[in-house]
Amino acid sequence: MESNQIIILAIIATSLATFISRFMGAITSKKVSVKSKLFQWFNCVAYSTLAALLGRMIIFPAGVLADSELIIRIVVLIICIIIFILTKKNLVIPTIFSAIFLSLLTNL
Amino acid sequence: MINLKVFLTGLQSLKGSKSPAIPLAACFIALGALLKDAGFNLQQSTASSLFTYALPGQLVMAESLLVGASIINIFIAVWLVNFRLYPMTVSLFPLLEHKAQPKWKYYLSCHFLAVTSWLIAKDGYQKIDKKHRIDFWIGIGMGTWSTAILMTLLGYLSADYLNKDMLIGLAIVNPVYFFCMMIGAMKNLSISIAVVGGTILGPVIYLVSTEWALLFAGLIAGTAAFLLGEKSGK
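Since we're looking at a predicted model, the values are computed, not measured. (Residues numbered from 1 in each chain as written. Chains lettered and ligands numbered in written order. Predicted model: local features only at pLDDT ≥ 70, side-chain atom pairs only at ≥ 80, totals over all residues.)

Chemist: How should I be thinking about the overall build of chain A in this particular structure?
Modeler: When helices and strands are tallied, chain A shows 4 helices and 0 strands. Overall, chain A shows an N-to-C arrangement of helices and strands of α-α-α-α. The C-alpha atoms of chain A give 19 Å as radius of gyration, which overshoots the globular expectation for 108 residues (13 Å, by more than 25%). Seen along its three principal axes, the alpha-carbon backbone of chain A occupies a region of about 50 × 50 × 20 Å. Each of the 108 residues in chain A was classed as buried or not, and the buried ones make up 44%. (Helix = DSSP H or I, 4+ residues; strand = E, 2+ residues; numbered from the N terminus. Rg over C-alpha atoms; globule rule 2.2 N^0.38 Å. Buried ≥ 20, exposed ≤ 12 C-beta atoms within 10 Å, placed from the backbone.)

Here's what the structure looks like:
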């Protein structure tokens, strides 16, 4: 197969694999009441899974981020979280600073 | 059909001090550049964000293609990394449910479900009248989704001008944004345990199994958080 076709198939496979989880979620949601314990459990699992993904993104990143030092990524993250708290939960300032800090520290 | 005022309120979540526009731009510009590197053309890169719109899955796809993985392998790897969207949908959509709203709105708009839009919706849904919450969600979704698509396009077009240091800088923005949003969401004991537990277990289990790490870490930490929360009565 030529590479163009493989790319198109990969896009279709990726989109399907992603949409299945969303669509199944929408179907399940019709049967889950907000007040139920099941909903609370799903809520906890959702936050944990997301946190697990983020922990992994910082400790074992994919892509270009893997070329930066682990200790620098952690320092940048902690500084940005402190900025977030100090600026009364402003998200724009810490996100802009994160890119600048990481570039500066990597090139020291 | 759609309450325009509520829809626009959702769309406007792109503005202000909690704006997701910068982190979304940063990560999808980086993705656009990466896809160009992986041999995608402009249309394919844009289509990827249009139809998939879930960054970790798109990264897995690009990296799998680069190492020559089969389509079946790509499907399974993406399904595992994006399975988080299932519990995320189930923990959001019941909050948007209203009998007066048609079902198609829910089944179509579930495509907008991604970490960014989910965190914004979870943060803001209480301010919206129950009857129109799904329109609020569609507003958030249209805003974040279209930003992601446009930025993928921009990233692809500007790939030649982005050096490696700039790409590394762009790549950290998104995890930092998500972490800050999650810390903002830690308003009760069970959510706090879920977030802290998941953050620790995710990388730990990753050492054992790269593919199943998210699923297991989420299930274990989430269930523990739920049980501890129940025990303490929150």
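Still more to cover.
Chemist: Can you help me understand the overall build of chain B in this one?
Modeler: From N to C terminus, chain B includes 13 helices and 0 strands. Across chain B, helices and strands are ordered from the amino to the carboxyl terminus as α-α-α-α-α-α-α-α-α-α-α-α-α. Taking 17 Å as the expected radius of gyration for a compact globule of 234 residues, we find that chain B reaches 18 Å, a close match to that expectation. The principal-axis extent of the C-alpha atoms belonging to chain B is close to 50 × 45 × 35 Å. With 234 residues in all, chain B has 55% of them scored as buried. Contacts spanning at least 24 positions in sequence make up 80% of the contacts within chain B whose residues lie at least 6 apart. (Contact = placed C-beta atoms within 7 Å.)

Chemist: Quick question: what am I supposed to make of the interface of chain B and chain A here?
Modeler: How big an interface is tends to be stated in terms of accessible area lost as the parts join. Contacts between the two partners involve 87 residues from chain B, matched on the other side by 71 residues from chain A. Sorting elements by how many residues they give to the side of chain B that touches chain A places helix 11 (residues 164–185) of chain B first, with 18 residues. A class-by-class count of the residues in the side of chain B that touches chain A yields 59 nonpolar, 22 polar and 6 charged. (Nonpolar A, V, L, I, M, F, W, Y, C, P; charged D, E, K, R; others polar.)

Chemist: Mind showing me how you'd approach unusual backbone geometry here?
Modeler: Residues and elements named next belong to chain A. You will see that K88, though not glycine, has its phi angle at about 55 degrees, which is positive. With respect to the helices, strands and loops of the structure, K88 is situated in the loop between helix 3 (70–86) and helix 4 (92–106). Positive phi outside glycine occurs at K89, with the angle close to 65 degrees. When you line up the elements, K89 lands in the loop between helix 3 and helix 4.

Chemist: What is the right way to read the domain arrangement of chain A from this model?
Modeler: In terms of domain boundaries, chain A breaks down into domain 1 (1–31), domain 2 (34–60) and domain 3 (68–108). A straight line from the C-alpha centre of domain 1 of chain A to that of domain 3 of chain A covers 33 Å. (Domains from an automatic or database assignment.)

Chemist: Explain the domain arrangement of chain B here, please?
Modeler: All names here are of chain B. Under the domain assignment, chain B is made up of domain 1 (4–172) and domain 2 (186–234). A straight line from the C-alpha centre of domain 1 to that of domain 2 covers 23 Å. On the domain 2 side, the residues contacting the 6 residues of domain 1 number 5 residues. At 3 residues, the largest contribution of residues to the side of domain 1 that touches domain 2 is made by helix 5 (residues 71–82). Of the residues belonging to the side of domain 1 that touches domain 2, the class tally is 5 nonpolar, no polar and 1 charged.

Chemist: Got a minute to help me understand the nonpolar core in this structure?
Modeler: By size, the foremost hydrophobic cluster in this structure holds 114 residues, and its most contacted members are C27(B), A30(B), V78(B), L170(B) and A194(B). Not counting the four nearest positions on each side in its chain, A194(B) is found in contact with C44(A), Y47(A), S48(A), A51(A), A221(B), G222(B) and A225(B). (Core = buried A, V, L, I, M, F, W, Y, C linked by C-beta atoms within 7 Å.)

Chemist: Please explain helix 11 of chain B as it appears in this structure.
Modeler: Each α-helix turn comprises 3.6 residues. Residues three or four places apart therefore point the same way. With 22 residues, helix 11 of chain B should reach 32 Å at 1.5 Å per residue; the first-to-last C-alpha distance of 33 Å fits that figure. In terms of residue burial, helix 11 of chain B counts as a mostly covered element, since 16 of its 22 residues are buried. (Expected span 1.5 Å × (residues − 1).)

Chemist: Quick question: what am I supposed to make of the confidence of the model for chain B here?
Modeler: Any region with low pLDDT has predicted coordinates that should not be read closely. Here chain B averages 93 in pLDDT, and 100% of its residues register 70 or above. This prediction of the complex comes with two scores: 0.92 for pTM and 0.91 for ipTM. (pLDDT = per-residue confidence, 0-100.)

Chemist: Where do I start with the confidence of the model for chain A in this structure?
Modeler: On average, residues of chain A score 93 in pLDDT, and 99% of them reach the 70 mark or higher. Per-element confidence in chain A is highest for helix 1 (residues 3–29) of chain A, whose mean pLDDT is 96, and lowest for helix 4 of chain A, whose mean pLDDT is 91.

Chemist: Would you take a moment to explain helix 1 (residues 4–11) of chain B for this structure?
Modeler: Residue and element names in this part refer to chain B. Of all the positions in helix 1, only V6, F7 and G10 are classed as buried. Relative to the axis of helix 1, the buried residues are bounded by an arc of 105 degrees and lie together on one face. Seen from the open side of helix 1, the exposed residues pointing more than 90 degrees away from its buried face are L4 and K5. At its buried positions, helix 1 is contacted by helix 10 (133–157). (Arc of directions from axis to C-beta.)

Chemist: Sorry, what's going on with the packing of helix 3 of chain A against helix 11 of chain B here?
Modeler: The relative placement of two packed helices is expressed as an angle between their axes plus a distance between the axes. Where helix 3 of chain A contacts helix 11 of chain B, the two axes come as close as 10 Å, and the packing angle between them is 45 degrees. Of the possible angle classes, the one that applies to helix 3 of chain A and helix 11 of chain B is oblique. Crossing of helix 3 of chain A over helix 11 of chain B shows right-handed handedness. Here R73(A), V76(A), L77(A), C80(A), I81(A) and F84(A) of helix 3 of chain A come into contact with helix 11 of chain B, specifically with I172(B), V176(B), F179(B), C180(B) and I183(B). Split by residue class, the contact of helix 3 of chain A with helix 11 of chain B holds 10 nonpolar, no polar and 1 charged. (Axes fitted to C-alpha atoms, helices over the stretch in contact; angles between N-to-C directions. Parallel < 35°, antiparallel > 145°, perpendicular 65-115°, else oblique. Left-handed = near helix turned anticlockwise from the far one by under 90°.)

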